[in-house]
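Structural overview for review
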Amino acid sequence: HMGIDIGGIYYQTTPYSAYYTVTQIGRALLDPHRYNHMAERIAAVCDISTTTKDQLWKDQVQCELHKAIYHSFTKYGVTIVDHHTASDEFLKFYKNEIEHRKKCPADWKWLVPPAGGSMSSVYHQEMLN
């Protein structure tokens, strides 16, 4: 259900031209429903202990992976953006849409990044879905 309504016509598919965010790629690699054992492998390579009582090692793995993804893309001049910058850019767009169109429908769960969510600027923005 990711279509778009333009002039009363609902298009179920639309062209997408944007950039990747670090967290999109990181989520794809760490999501237990996708590559499942990637977190443990990254922990081993980064010498992050997975035997602690808590599960916070997963956050450390996620952060290290995000840094590696960002480094890899920028090293080769491939456009990528971190989730905090993407959130700030969206809020500028959102405020402009509210000012000019009086509305900006958005799906919060698609905009709040899977890492550092409450630290991103979009986290506290109420949205009309």
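Residues numbered from 1 in each chain as written. Predicted model: local features only at pLDDT ≥ 70, side-chain atom pairs only at ≥ 80, totals over all residues. Heavy atoms only, no water.

With the rule as written, the count across this model stands at three salt bridges. Note that lysine 67 and glutamate 64 form a salt bridge whose closest N and O atoms lie 3.1 Å from each other. With lysine 67 and glutamate 64 both in helix α3 (residues 57-75) and three residues apart, this pair spans about one turn of that helix. Here lysine 67 falls in the partly exposed class, since its relative accessible area comes to 47%. Classification of glutamate 64 as partly exposed rests on a relative accessible area of 29%. A salt bridge links arginine 101 to glutamate 97; the nearest nitrogen and oxygen atoms lie 2.6 Å apart. Of this pair, arginine 101 and glutamate 97 both sit in helix α4 (residues 83-101), separated by four residues, roughly a single helical turn. (Salt bridge = Lys/Arg side-chain N within 4 Å of Asp/Glu carboxyl O. Helix = DSSP H or I, 4+ residues; strand = E, 2+ residues; numbered from the N terminus. Buried < 20%, exposed > 50% of the residue type's maximum accessible area, 1.4 Å probe, protein only.)

Below, the discussion takes up the packing of aromatic side chains. Applying the stated criterion across every chain, the model contains three aromatic pairs. Seen from their ring centres, tryptophan 108 and tyrosine 123 are 5.5 Å apart, and the 55 degrees between their planes marks the pair as tilted. With a gap of 15 residues between them, tryptophan 108 in helix α5 (residues 108-111) and tyrosine 123 in the segment after α5 connect regions that are remote in the sequence. The exposure class of tryptophan 108 is partly exposed, given its relative accessible area of 35%. For tyrosine 123, a relative accessible area of 33% corresponds to the partly exposed category. By way of ring pairs, the aromatic residues Phe90, Phe93 and Tyr94 are connected into one cluster. (Phe/Tyr/Trp six-rings, centres within 6.5 Å; stacked < 30°, edge-to-face > 60°.)

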